[in-house]
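# An overview of the molecular structure
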Amino acid sequence: MHVSRMQQFLTGKRLDWTLVCLAFLVALLPVRVLRPWTNDVARLVLIPLVPVTHLSSSLRDRIRPSLSSFEPSRPGFASTEVLALEAEVERLRTLYEASRLDASRLEESLVALRATSTRAGRGALIDVAAATGSIVATSNGENDGIVRINAGTRHGVVPGSAVFIDGDVFAGLVSEDVGSFISSVTPSTRLPSIGCRIYPATGSDPTQPIGSAPGAVLKPTGRGTWTADVASAGELAVGMVARVADDRMPRSALGARVGRVVAIAPIEQVPLARRIEVEPILKAKDAASAVVVLEMGVLGAGEGGREPAGARTSTPLDGGRR
Amino acid sequence: MHWSVFIIAVLLASALDAGLGGLFEVGSLRAEILPSIVVFVALSAPKKIVVRAAMLVGLVADLFAPVILGDGTPLVVPGPRVLAFALGAAAVIPLRGLLYRQNPLSNSAAVAIFSAFTALAWIVMSILRSVVTGGDVPWWPATGTSELVVQFLGALGDAVLALPVFWVLTRTKPIWGFETKTRLTPGVAREGL
(Lines give C-alpha, C1' and ligand atoms only; values in the text may rest on other atoms or scores of the structure.)
Protein backbone atom coordinates (compact mmCIF):
# COMPACT_ATOMS: atom_id res chain seq x y z
CA MET A 1 0.00 0.00 0.00
CA HIS A 2 2.77 2.37 1.12
CA VAL A 3 4.99 1.29 -1.79
CA SER A 4 2.24 1.76 -4.35
CA ARG A 5 1.52 5.27 -3.07
CA MET A 6 5.22 6.10 -3.38
CA GLN A 7 5.26 4.66 -6.89
CA GLN A 8 2.18 6.68 -7.75
CA PHE A 9 3.91 9.84 -6.51
CA LEU A 10 7.06 9.10 -8.52
CA THR A 11 5.20 8.41 -11.74
CA GLY A 12 2.48 11.00 -11.35
CA LYS A 13 2.28 14.69 -12.16
CA ARG A 14 2.59 15.58 -8.49
CA LEU A 15 6.35 14.96 -8.62
CA ASP A 16 6.68 17.34 -11.57
CA TRP A 17 4.89 20.10 -9.69
CA THR A 18 6.94 19.41 -6.56
CA LEU A 19 10.15 19.74 -8.58
CA VAL A 20 8.92 22.93 -10.25
CA CYS A 21 8.09 24.47 -6.85
CA LEU A 22 11.48 23.40 -5.47
CA ALA A 23 13.32 24.88 -8.46
CA PHE A 24 11.33 28.09 -8.10
CA LEU A 25 12.23 28.39 -4.41
CA VAL A 26 15.93 27.63 -4.97
CA ALA A 27 16.06 30.12 -7.86
CA LEU A 28 14.92 32.89 -5.53
CA LEU A 29 17.28 32.09 -2.66
CA PRO A 30 19.60 34.96 -1.68
CA VAL A 31 23.28 34.97 -2.60
CA ARG A 32 24.48 34.26 0.96
CA VAL A 33 22.52 30.98 1.01
CA LEU A 34 23.70 29.78 -2.42
CA ARG A 35 27.32 30.91 -2.32
CA PRO A 36 28.62 28.31 0.18
CA TRP A 37 27.58 25.27 -1.86
CA THR A 38 26.44 25.83 -5.44
CA ASN A 39 29.84 26.72 -6.92
CA ASP A 40 31.34 23.61 -5.32
CA VAL A 41 28.59 21.39 -6.71
CA ALA A 42 29.12 22.88 -10.18
CA ARG A 43 32.86 22.22 -9.94
CA LEU A 44 32.19 18.60 -8.93
CA VAL A 45 30.11 18.13 -12.07
CA LEU A 46 32.56 19.96 -14.29
CA ILE A 47 35.82 18.33 -13.18
CA PRO A 48 35.13 14.85 -14.67
CA LEU A 49 34.18 16.58 -17.92
CA VAL A 50 37.32 18.70 -18.17
CA PRO A 51 39.03 16.27 -20.61
CA VAL A 52 36.04 16.64 -22.97
CA THR A 53 35.86 20.43 -22.61
CA HIS A 54 39.62 20.72 -23.02
CA LEU A 55 39.58 18.56 -26.13
CA SER A 56 36.71 20.49 -27.67
CA SER A 57 38.38 23.77 -26.71
CA SER A 58 41.56 22.70 -28.53
CA LEU A 59 39.43 21.62 -31.48
CA ARG A 60 37.73 25.00 -31.56
CA ASP A 61 41.08 26.76 -31.47
CA ARG A 62 42.29 24.61 -34.36
CA ILE A 63 39.16 25.12 -36.48
CA ARG A 64 38.54 28.76 -35.64
CA PRO A 65 41.61 30.49 -34.19
CA SER A 66 41.22 33.91 -32.63
CA LEU A 67 40.99 36.86 -35.01
CA SER A 68 44.11 38.51 -33.56
CA SER A 69 46.29 35.91 -35.27
CA PHE A 70 44.62 36.48 -38.62
CA GLU A 71 45.00 39.60 -40.67
CA PRO A 72 43.52 39.25 -44.15
CA SER A 73 45.17 42.42 -45.47
CA ARG A 74 48.64 41.12 -44.69
CA PRO A 75 50.58 39.25 -47.43
CA GLY A 76 50.46 35.54 -46.68
CA PHE A 77 54.21 34.88 -46.63
CA ALA A 78 56.23 34.66 -43.44
CA SER A 79 53.13 35.63 -41.47
CA THR A 80 54.09 33.48 -38.48
CA GLU A 81 57.39 35.28 -38.07
CA VAL A 82 55.77 38.68 -38.53
CA LEU A 83 53.11 37.80 -35.96
CA ALA A 84 55.75 36.68 -33.46
CA LEU A 85 57.73 39.90 -33.96
CA GLU A 86 54.60 42.03 -33.62
CA ALA A 87 53.72 40.23 -30.39
CA GLU A 88 57.24 40.85 -29.11
CA VAL A 89 56.98 44.56 -29.95
CA GLU A 90 53.65 44.77 -28.11
CA ARG A 91 55.12 43.04 -25.05
CA LEU A 92 58.10 45.38 -24.96
CA ARG A 93 55.82 48.37 -25.42
CA THR A 94 53.70 47.16 -22.51
CA LEU A 95 56.83 46.73 -20.37
CA TYR A 96 57.82 50.28 -21.21
CA GLU A 97 54.39 51.72 -20.39
CA ALA A 98 54.23 49.65 -17.21
CA SER A 99 57.58 50.98 -16.05
CA ARG A 100 56.49 54.57 -16.77
CA LEU A 101 53.24 54.11 -14.86
CA ASP A 102 55.15 52.39 -12.08
CA ALA A 103 57.64 55.22 -11.87
CA SER A 104 54.77 57.68 -11.64
CA ARG A 105 53.16 55.60 -8.90
CA LEU A 106 56.45 55.34 -7.02
CA GLU A 107 56.84 59.09 -7.14
CA GLU A 108 53.36 59.44 -5.64
CA SER A 109 54.27 56.88 -2.97
CA LEU A 110 57.42 58.78 -2.17
CA VAL A 111 55.44 61.98 -1.70
CA ALA A 112 52.99 60.16 0.55
CA LEU A 113 55.85 58.58 2.51
CA ARG A 114 57.46 61.90 3.04
CA ALA A 115 54.15 63.33 4.18
CA THR A 116 53.17 60.64 6.63
CA SER A 117 56.38 58.64 7.21
CA THR A 118 54.22 55.67 8.06
CA ARG A 119 53.12 54.23 4.77
CA ALA A 120 54.77 50.93 3.94
CA GLY A 121 56.45 50.44 0.61
CA ARG A 122 53.51 49.18 -1.39
CA GLY A 123 54.38 49.67 -4.98
CA ALA A 124 57.97 48.70 -4.34
CA LEU A 125 59.47 45.57 -5.83
CA ILE A 126 57.23 42.53 -5.60
CA ASP A 127 58.01 38.91 -6.15
CA VAL A 128 56.03 37.54 -9.03
CA ALA A 129 55.41 34.06 -10.37
CA ALA A 130 53.19 32.82 -13.15
CA ALA A 131 51.04 29.76 -13.70
CA THR A 132 50.07 28.86 -17.24
CA GLY A 133 46.75 27.18 -17.90
CA SER A 134 44.62 26.26 -20.85
CA ILE A 135 41.18 27.72 -21.25
CA VAL A 136 39.04 24.64 -20.90
CA ALA A 137 35.48 25.89 -20.74
CA THR A 138 33.30 28.93 -21.21
CA SER A 139 29.97 29.68 -19.63
CA ASN A 140 27.08 28.08 -21.50
CA GLY A 141 24.27 30.28 -22.71
CA GLU A 142 26.21 33.53 -22.41
CA ASN A 143 28.44 35.31 -24.88
CA ASP A 144 30.50 37.01 -22.26
CA GLY A 145 30.39 34.76 -19.22
CA ILE A 146 32.82 33.09 -16.86
CA VAL A 147 35.86 31.36 -18.37
CA ARG A 148 37.46 28.35 -16.71
CA ILE A 149 41.17 27.53 -16.82
CA ASN A 150 42.86 24.33 -15.74
CA ALA A 151 45.05 25.88 -13.06
CA GLY A 152 44.01 26.02 -9.44
CA THR A 153 45.24 26.23 -5.87
CA ARG A 154 47.68 23.38 -6.53
CA HIS A 155 49.43 25.70 -8.97
CA GLY A 156 49.38 28.60 -6.54
CA VAL A 157 46.42 30.41 -8.07
CA VAL A 158 44.66 32.70 -5.62
CA PRO A 159 41.50 34.78 -6.04
CA GLY A 160 42.14 38.24 -7.44
CA SER A 161 45.18 37.25 -9.53
CA ALA A 162 45.50 38.95 -12.89
CA VAL A 163 45.00 36.77 -15.98
CA PHE A 164 46.68 37.55 -19.28
CA ILE A 165 46.22 36.21 -22.78
CA ASP A 166 48.22 36.71 -25.95
CA GLY A 167 51.24 37.90 -24.00
CA ASP A 168 50.19 41.18 -22.47
CA VAL A 169 46.41 41.49 -22.89
CA PHE A 170 44.66 41.79 -19.54
CA ALA A 171 41.86 39.22 -19.72
CA GLY A 172 40.35 39.44 -16.26
CA LEU A 173 40.72 38.42 -12.65
CA VAL A 174 40.60 35.01 -10.98
CA SER A 175 37.30 34.91 -9.10
CA GLU A 176 36.59 33.52 -5.63
CA ASP A 177 35.63 30.20 -7.23
CA VAL A 178 39.05 28.50 -7.22
CA GLY A 179 39.39 24.72 -7.05
CA SER A 180 42.45 22.55 -6.72
CA PHE A 181 42.94 22.11 -10.46
CA ILE A 182 40.46 24.48 -12.02
CA SER A 183 39.52 28.09 -11.46
CA SER A 184 37.02 30.57 -12.81
CA VAL A 185 38.06 33.84 -14.38
CA THR A 186 35.79 36.87 -14.44
CA PRO A 187 36.40 38.42 -17.86
CA SER A 188 37.61 42.01 -17.91
CA THR A 189 34.43 43.01 -19.75
CA ARG A 190 32.39 41.92 -16.71
CA LEU A 191 34.44 43.66 -14.02
CA PRO A 192 32.54 46.57 -12.47
CA SER A 193 35.09 49.11 -13.74
CA ILE A 194 38.73 49.40 -14.83
CA GLY A 195 40.83 52.52 -14.48
CA CYS A 196 42.85 53.06 -17.66
CA ARG A 197 44.97 55.49 -19.57
CA ILE A 198 44.48 55.89 -23.30
CA TYR A 199 47.66 55.73 -25.35
CA PRO A 200 48.36 55.96 -29.08
CA ALA A 201 48.69 52.51 -30.66
CA THR A 202 52.39 53.19 -31.22
CA GLY A 203 53.01 53.90 -27.52
CA SER A 204 53.37 57.01 -25.41
CA ASP A 205 55.71 59.88 -26.15
CA PRO A 206 58.68 59.57 -23.76
CA THR A 207 59.15 63.32 -23.75
CA GLN A 208 55.63 63.92 -22.44
CA PRO A 209 54.69 63.35 -18.78
CA ILE A 210 52.66 60.22 -18.11
CA GLY A 211 49.73 62.33 -16.92
CA SER A 212 49.28 63.76 -20.42
CA ALA A 213 47.70 60.49 -21.57
CA PRO A 214 43.95 60.83 -20.96
CA GLY A 215 42.61 58.78 -18.07
CA ALA A 216 39.33 56.88 -18.26
CA VAL A 217 37.26 54.58 -16.11
CA LEU A 218 35.99 51.84 -18.37
CA LYS A 219 32.51 50.63 -17.50
CA PRO A 220 30.99 47.54 -19.11
CA THR A 221 28.15 48.05 -21.57
CA GLY A 222 26.86 44.48 -21.33
CA ARG A 223 27.61 43.90 -25.02
CA GLY A 224 31.21 42.82 -24.46
CA THR A 225 32.59 46.36 -24.74
CA TRP A 226 33.20 49.27 -22.38
CA THR A 227 32.26 52.89 -22.37
CA ALA A 228 34.00 55.79 -20.64
CA ASP A 229 33.86 59.57 -20.44
CA VAL A 230 37.20 61.18 -21.23
CA ALA A 231 38.26 64.79 -20.86
CA SER A 232 38.52 66.49 -24.25
CA ALA A 233 41.85 68.10 -23.38
CA GLY A 234 43.90 65.07 -24.39
CA GLU A 235 44.39 63.68 -27.86
CA LEU A 236 41.82 61.02 -28.72
CA ALA A 237 41.49 58.92 -31.86
CA VAL A 238 39.93 55.67 -32.93
CA GLY A 239 42.47 52.86 -32.63
CA MET A 240 44.13 54.18 -29.47
CA VAL A 241 44.90 51.57 -26.86
CA ALA A 242 43.55 51.51 -23.30
CA ARG A 243 46.09 50.29 -20.75
CA VAL A 244 45.41 49.41 -17.12
CA ALA A 245 46.26 52.19 -14.66
CA ASP A 246 44.18 51.17 -11.68
CA ASP A 247 45.36 50.85 -8.09
CA ARG A 248 42.61 48.34 -7.32
CA MET A 249 43.97 45.89 -9.89
CA PRO A 250 46.94 43.62 -9.16
CA ARG A 251 50.19 45.43 -9.69
CA SER A 252 51.20 43.00 -12.44
CA ALA A 253 48.30 44.29 -14.53
CA LEU A 254 49.70 47.81 -14.61
CA GLY A 255 50.24 49.00 -18.17
CA ALA A 256 48.73 45.88 -19.72
CA ARG A 257 46.59 46.33 -22.81
CA VAL A 258 42.85 46.03 -22.25
CA GLY A 259 41.08 47.34 -25.28
CA ARG A 260 41.04 49.49 -28.36
CA VAL A 261 38.99 52.67 -28.88
CA VAL A 262 36.39 51.96 -31.56
CA ALA A 263 34.12 55.02 -31.30
CA ILE A 264 34.28 58.57 -30.00
CA ALA A 265 31.20 60.71 -29.54
CA PRO A 266 30.60 64.14 -27.99
CA ILE A 267 28.49 64.43 -24.83
CA GLU A 268 25.88 67.14 -25.19
CA GLN A 269 25.53 67.76 -21.47
CA VAL A 270 29.31 67.90 -20.89
CA PRO A 271 31.00 69.82 -23.71
CA LEU A 272 34.46 69.38 -22.21
CA ALA A 273 34.32 65.60 -22.30
CA ARG A 274 33.84 62.92 -24.90
CA ARG A 275 32.38 59.44 -24.60
CA ILE A 276 34.44 56.63 -25.99
CA GLU A 277 33.60 53.01 -26.66
CA VAL A 278 36.37 50.50 -26.16
CA GLU A 279 36.36 46.92 -27.40
CA PRO A 280 38.59 44.21 -25.98
CA ILE A 281 41.75 43.47 -27.96
CA LEU A 282 41.13 39.77 -27.42
CA LYS A 283 38.47 38.01 -25.37
CA ALA A 284 39.46 35.32 -22.89
CA LYS A 285 36.95 32.89 -24.33
CA ASP A 286 38.64 33.14 -27.74
CA ALA A 287 42.12 32.38 -26.43
CA ALA A 288 43.59 28.90 -26.14
CA SER A 289 45.75 29.52 -23.08
CA ALA A 290 46.09 32.05 -20.32
CA VAL A 291 48.71 33.04 -17.80
CA VAL A 292 47.85 33.78 -14.19
CA VAL A 293 50.37 36.10 -12.57
CA LEU A 294 50.81 35.31 -8.90
CA GLU A 295 52.02 38.14 -6.71
CA MET A 296 53.80 36.83 -3.66
CA GLY A 297 53.96 40.12 -1.78
CA VAL A 298 56.36 42.95 -1.23
CA LEU A 299 60.03 41.96 -1.13
CA GLY A 300 62.03 43.21 1.81
CA ALA A 301 65.78 43.81 1.70
CA GLY A 302 67.50 40.50 0.96
CA GLU A 303 64.23 38.61 1.15
CA GLY A 304 63.48 36.00 -1.47
CA GLY A 305 59.74 35.51 -1.14
CA ARG A 306 57.78 32.29 -1.41
CA GLU A 307 57.29 30.35 -4.59
CA PRO A 308 54.23 28.15 -4.99
CA ALA A 309 54.50 24.55 -6.11
CA GLY A 310 54.29 24.20 -9.85
CA ALA A 311 54.81 27.85 -10.57
CA ARG A 312 57.77 29.32 -12.37
CA THR A 313 59.34 32.61 -11.47
CA SER A 314 59.30 35.37 -14.03
CA THR A 315 58.93 39.10 -14.29
CA PRO A 316 55.34 40.27 -14.50
CA LEU A 317 55.23 41.06 -18.15
CA ASP A 318 58.05 39.08 -19.64
CA GLY A 319 57.88 36.91 -22.70
CA GLY A 320 57.52 33.73 -20.67
CA ARG A 321 53.83 34.35 -20.22
CA ARG A 322 52.74 32.42 -23.24
CA MET B 1 14.15 5.60 -22.14
CA HIS B 2 17.51 4.61 -20.72
CA TRP B 3 18.29 7.36 -18.19
CA SER B 4 22.00 6.46 -18.15
CA VAL B 5 22.27 7.15 -21.90
CA PHE B 6 20.32 10.37 -21.46
CA ILE B 7 22.53 11.63 -18.61
CA ILE B 8 25.73 10.81 -20.49
CA ALA B 9 24.40 12.58 -23.60
CA VAL B 10 23.41 15.65 -21.58
CA LEU B 11 26.79 15.89 -19.84
CA LEU B 12 28.64 15.39 -23.11
CA ALA B 13 26.55 18.03 -24.86
CA SER B 14 27.12 20.48 -22.00
CA ALA B 15 30.86 19.83 -22.08
CA LEU B 16 30.95 20.31 -25.85
CA ASP B 17 28.97 23.54 -25.56
CA ALA B 18 31.38 24.79 -22.89
CA GLY B 19 34.48 23.76 -24.83
CA LEU B 20 33.53 24.56 -28.39
CA GLY B 21 32.21 27.92 -27.20
CA GLY B 22 32.76 30.41 -29.94
CA LEU B 23 32.96 27.87 -32.76
CA PHE B 24 29.23 28.22 -33.42
CA GLU B 25 29.17 31.96 -32.75
CA VAL B 26 28.42 34.61 -35.33
CA GLY B 27 28.33 38.08 -33.78
CA SER B 28 26.00 37.80 -30.83
CA LEU B 29 24.33 34.70 -32.24
CA ARG B 30 25.53 31.66 -30.35
CA ALA B 31 24.28 28.15 -31.04
CA GLU B 32 24.27 25.27 -28.56
CA ILE B 33 23.84 21.52 -28.75
CA LEU B 34 21.94 21.04 -25.49
CA PRO B 35 18.51 22.28 -26.71
CA SER B 36 18.59 19.68 -29.50
CA ILE B 37 19.04 16.91 -26.90
CA VAL B 38 16.00 18.11 -24.94
CA VAL B 39 13.84 18.40 -28.04
CA PHE B 40 14.98 15.00 -29.27
CA VAL B 41 13.86 13.48 -25.95
CA ALA B 42 10.68 15.58 -25.89
CA LEU B 43 9.68 14.25 -29.32
CA SER B 44 10.61 10.63 -28.66
CA ALA B 45 10.29 9.75 -24.95
CA PRO B 46 7.03 9.07 -23.11
CA LYS B 47 5.23 12.34 -22.36
CA LYS B 48 5.17 11.83 -18.59
CA ILE B 49 8.97 11.87 -18.27
CA VAL B 50 9.69 14.68 -20.74
CA VAL B 51 9.30 17.57 -18.29
CA ARG B 52 11.35 15.74 -15.67
CA ALA B 53 14.13 15.07 -18.17
CA ALA B 54 14.04 18.72 -19.29
CA MET B 55 14.36 19.88 -15.69
CA LEU B 56 17.42 17.67 -15.23
CA VAL B 57 18.99 19.19 -18.35
CA GLY B 58 18.09 22.66 -17.02
CA LEU B 59 19.89 21.87 -13.78
CA VAL B 60 23.04 20.85 -15.67
CA ALA B 61 22.75 24.02 -17.80
CA ASP B 62 22.53 26.11 -14.62
CA LEU B 63 25.63 24.42 -13.21
CA PHE B 64 27.57 25.19 -16.40
CA ALA B 65 26.51 28.84 -16.58
CA PRO B 66 27.33 30.78 -13.41
CA VAL B 67 25.92 34.26 -13.08
CA ILE B 68 28.42 37.10 -12.62
CA LEU B 69 27.36 39.23 -9.68
CA GLY B 70 27.76 43.00 -9.53
CA ASP B 71 31.11 42.72 -7.74
CA GLY B 72 32.48 40.42 -10.46
CA THR B 73 32.23 37.16 -8.51
CA PRO B 74 30.54 34.16 -10.13
CA LEU B 75 27.59 32.37 -8.56
CA VAL B 76 25.83 29.23 -9.72
CA VAL B 77 22.09 29.72 -9.27
CA PRO B 78 20.25 26.42 -9.73
CA GLY B 79 16.67 26.98 -10.75
CA PRO B 80 16.10 29.56 -13.49
CA ARG B 81 17.06 27.25 -16.34
CA VAL B 82 15.36 24.28 -14.62
CA LEU B 83 12.06 26.12 -14.91
CA ALA B 84 12.90 27.55 -18.32
CA PHE B 85 13.71 24.14 -19.79
CA ALA B 86 10.55 22.67 -18.23
CA LEU B 87 8.46 25.38 -19.92
CA GLY B 88 10.31 24.87 -23.20
CA ALA B 89 9.67 21.14 -23.08
CA ALA B 90 6.02 21.72 -22.21
CA ALA B 91 5.78 23.92 -25.32
CA VAL B 92 7.27 21.20 -27.51
CA ILE B 93 5.07 18.31 -26.26
CA PRO B 94 1.92 19.46 -28.13
CA LEU B 95 3.98 19.54 -31.35
CA ARG B 96 4.59 15.80 -31.23
CA GLY B 97 1.43 15.06 -33.15
CA LEU B 98 1.85 17.94 -35.57
CA LEU B 99 5.43 17.50 -36.74
CA TYR B 100 6.51 15.25 -39.54
CA ARG B 101 9.59 13.94 -37.80
CA GLN B 102 11.30 12.53 -40.87
CA ASN B 103 11.71 16.06 -42.11
CA PRO B 104 14.84 17.58 -40.50
CA LEU B 105 13.40 21.08 -40.78
CA SER B 106 10.50 20.16 -38.50
CA ASN B 107 12.98 19.18 -35.79
CA SER B 108 14.78 22.49 -36.25
CA ALA B 109 11.48 24.33 -35.93
CA ALA B 110 10.80 22.46 -32.69
CA VAL B 111 14.25 23.42 -31.38
CA ALA B 112 13.65 27.08 -32.26
CA ILE B 113 10.33 27.05 -30.41
CA PHE B 114 11.90 25.30 -27.43
CA SER B 115 14.82 27.75 -27.26
CA ALA B 116 12.55 30.79 -27.64
CA PHE B 117 10.29 29.67 -24.79
CA THR B 118 13.32 28.76 -22.68
CA ALA B 119 14.89 32.17 -23.28
CA LEU B 120 11.68 33.97 -22.39
CA ALA B 121 11.22 31.97 -19.18
CA TRP B 122 14.88 32.45 -18.20
CA ILE B 123 14.65 36.21 -18.66
CA VAL B 124 11.44 36.37 -16.62
CA MET B 125 12.98 34.25 -13.85
CA SER B 126 16.14 36.36 -13.82
CA ILE B 127 14.10 39.56 -13.50
CA LEU B 128 12.02 37.98 -10.75
CA ARG B 129 15.16 36.90 -8.92
CA SER B 130 16.69 40.36 -9.17
CA VAL B 131 13.48 41.87 -7.78
CA VAL B 132 13.28 39.41 -4.87
CA THR B 133 16.97 39.35 -3.92
CA GLY B 134 17.75 42.94 -4.88
CA GLY B 135 20.70 41.93 -7.09
CA ASP B 136 21.49 42.74 -10.70
CA VAL B 137 20.12 40.81 -13.64
CA PRO B 138 22.77 38.61 -15.34
CA TRP B 139 22.85 40.75 -18.48
CA TRP B 140 23.43 44.03 -16.57
CA PRO B 141 24.14 46.76 -17.72
CA ALA B 142 22.50 45.81 -21.04
CA THR B 143 18.71 46.03 -21.19
CA GLY B 144 16.23 43.17 -20.98
CA THR B 145 15.08 43.87 -24.52
CA SER B 146 18.57 43.59 -25.94
CA GLU B 147 19.07 40.34 -24.02
CA LEU B 148 15.78 39.06 -25.44
CA VAL B 149 17.00 39.83 -28.95
CA VAL B 150 20.32 38.08 -28.24
CA GLN B 151 18.52 35.05 -26.83
CA PHE B 152 16.10 34.86 -29.76
CA LEU B 153 19.01 35.05 -32.18
CA GLY B 154 20.56 32.23 -30.17
CA ALA B 155 17.33 30.27 -30.64
CA LEU B 156 17.73 30.62 -34.41
CA GLY B 157 21.32 29.45 -34.07
CA ASP B 158 20.20 26.45 -32.03
CA ALA B 159 17.72 25.61 -34.80
CA VAL B 160 20.43 25.67 -37.46
CA LEU B 161 22.78 23.57 -35.34
CA ALA B 162 19.93 21.12 -34.70
CA LEU B 163 20.16 19.92 -38.32
CA PRO B 164 23.48 18.04 -37.91
CA VAL B 165 22.83 17.22 -34.24
CA PHE B 166 19.51 15.55 -35.03
CA TRP B 167 21.16 13.63 -37.86
CA VAL B 168 23.54 12.12 -35.30
CA LEU B 169 20.88 11.63 -32.63
CA THR B 170 18.48 9.86 -35.01
CA ARG B 171 21.21 7.34 -35.82
CA THR B 172 21.75 6.61 -32.12
CA LYS B 173 18.03 6.18 -31.43
CA PRO B 174 18.20 2.41 -30.75
CA ILE B 175 20.53 2.89 -27.76
CA TRP B 176 18.20 5.43 -26.13
CA GLY B 177 15.62 2.72 -25.51
CA PHE B 178 12.54 4.72 -26.42
CA GLU B 179 9.37 2.65 -26.20
CA THR B 180 7.36 2.60 -29.38
CA LYS B 181 3.70 1.76 -28.85
CA THR B 182 1.03 1.63 -31.52
CA ARG B 183 -2.35 2.33 -30.04
CA LEU B 184 -5.33 0.89 -31.88
CA THR B 185 -8.56 2.72 -31.27
CA PRO B 186 -11.86 1.09 -32.16
CA GLY B 187 -13.76 2.78 -34.93
CA VAL B 188 -16.33 2.19 -37.60
CA ALA B 189 -13.82 1.07 -40.18
CA ARG B 190 -12.24 -1.47 -37.82
CA GLU B 191 -15.58 -2.80 -36.63
CA GLY B 192 -16.62 -3.43 -40.21
CA LEU B 193 -13.68 -5.76 -40.79
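Position numbers for residues count from 1 along each chain, tracking the sequence in the order it is written. Both sets of labels track the order of writing: A upward for chains, 1 upward for ligands. Owing to the predicted nature of the model, reporting of local features is limited to residues with pLDDT of at least 70; listing and counting of side-chain atom pairs is limited to 80 or more, with chain, interface and lining totals taken over all residues. Hydrogen atoms and water are omitted, and side-chain values are computed over all heavy atoms in the structure.

## What to know about the interface of chain A and chain B
Interface extent is often summarised as the accessible area lost during association of the parts. Contact between two residues is taken to exist if any of their heavy atoms lie within 4.5 Å; hydrogens are not considered. Listed as interface residues are 57 residues of chain A and, on the opposing side, 52 residues of chain B. Contact between chain A and chain B buries roughly 4,500 Å² in total, counting both sides, with carbon and sulfur atoms accounting for 62%. Contact with chain B buries surface across chain A, with A:Leu28, A:Asn140 and A:Asn143 losing the most and accounting together for 14% of the total. Counted as salt bridges are all cases of a side-chain nitrogen of Lys or Arg within 4 Å of a carboxyl oxygen of Asp or Glu. At the junction of chain A with chain B, the criterion picks out 2 salt bridges. B:Glu25 is the partner of A:Lys285 in a salt bridge, and the nearest nitrogen-oxygen pair spans 2.9 Å. N or O atoms within 3.5 Å of each other form a polar contact, as long as, within protein, one can give a hydrogen and the other can take it, and as long as residues adjacent in sequence are counted only when both atoms are side-chain atoms. Seen at the junction of chain A and chain B, the total is 10 residue pairs in polar contact (both at pLDDT 80 or more). Summed over both partners, buried area is the accessible surface (1.4 Å probe) that two parts give up on being assembled.

## Focus: the packing of helix α2 (residues 13–27) of chain A against helix α3 (residues 47–64) of chain B
Comment: axis = line fitted to C-alpha atoms, over the contacting stretch for helices; angle = value between 0 and 180 degrees taken between N-to-C directions. The way it works is that DSSP assigns letters per residue, a run of H or I at least four long becomes a helix, a run of E at least two long becomes a strand, and they are numbered from the N terminus. One can describe the packing of α2(A) onto α3(B) by two numbers: an axis separation of 10 Å at closest approach and a directional angle of 20°. In terms of their interaxial angle, α2(A) and α3(B) are classed as roughly parallel. As α2(A) runs across α3(B), the sense of the crossing is left-handed. Contacts from A:Leu15, A:Asp16, A:Leu19 and A:Val20 of α2(A) reach α3(B) at B:Lys48, B:Val51, B:Arg52 and B:Met55. Here the term charged refers only to Asp, Glu, Lys and Arg, the term nonpolar to Ala, Val, Leu, Ile, Met, Phe, Trp, Tyr, Cys and Pro, and the term polar to all other amino acids, Gly among them. Taken together, the residues that form the contact of α2(A) with α3(B) break down as 5 nonpolar, no polar and 3 charged. Put simply, angles under 35 degrees are roughly parallel, angles over 145 are roughly antiparallel, angles from 65 to 115 are roughly perpendicular, and the rest are oblique. Crossings are classed by handedness, with left-handed meaning an anticlockwise turn of the near helix from the far one by less than a right angle and right-handed meaning a clockwise turn.

## Considerations on the environment of A:Leu272
All names here are of chain A. Topologically, Leu 272 is positioned in the loop between β10 (257–266) and β11 (273–280). For Leu 272, a relative accessible area of 71% puts it in the exposed group. Put simply, Leu 272 and Ala 233 are 39 residues apart on the chain and 7.6 Å apart in space, counted from C-alpha to C-alpha. The contact partners of Leu 272, leaving out residues within four places of it in the chain, are Val 230, Ala 231 and Ser 232. Partly exposed residues are those whose accessible area sits between 20% and 50% of the maximum for their type, while under 20% is buried and over 50% is exposed, using a 1.4 Å probe and protein chains only.

## A word on α2(A)
Residue and element names in this part refer to chain A. Helix length check: α2 (15 residues) gives 21 Å between terminal C-alpha atoms against 21 Å at 1.5 Å per residue, within 8%. For α2, the complete set of buried residues consists of Leu 15, Asp 16, Ala 23, Val 26 and Ala 27. Seen end-on, α2 carries its buried residues on one side only, within an arc spanning 105°. Exposed residues lying more than 90 degrees from the buried face of α2 are Lys 13, Arg 14, Trp 17 and Leu 25. Expected span of a helix: the number of residues minus one, times 1.5 Å. Along the arc lie the directions from the helix axis toward the C-beta atoms.

## Details of the packing of aromatic side chains
Between rings of Phe, Tyr and Trp, where Trp is taken as its six-membered ring, a pair exists when centres lie within 6.5 Å; planes separated by under 30 degrees are stacked, by over 60 edge-to-face, and by other angles tilted. Counted according to the given criterion, the structure contains 8 aromatic pairs over all chains. Through successive ring pairs, a cluster of aromatic residues spans B:Phe40, B:Phe166, B:Trp176 and B:Phe178.

Geometric descriptors of this kind do not, in isolation, establish any biological role.
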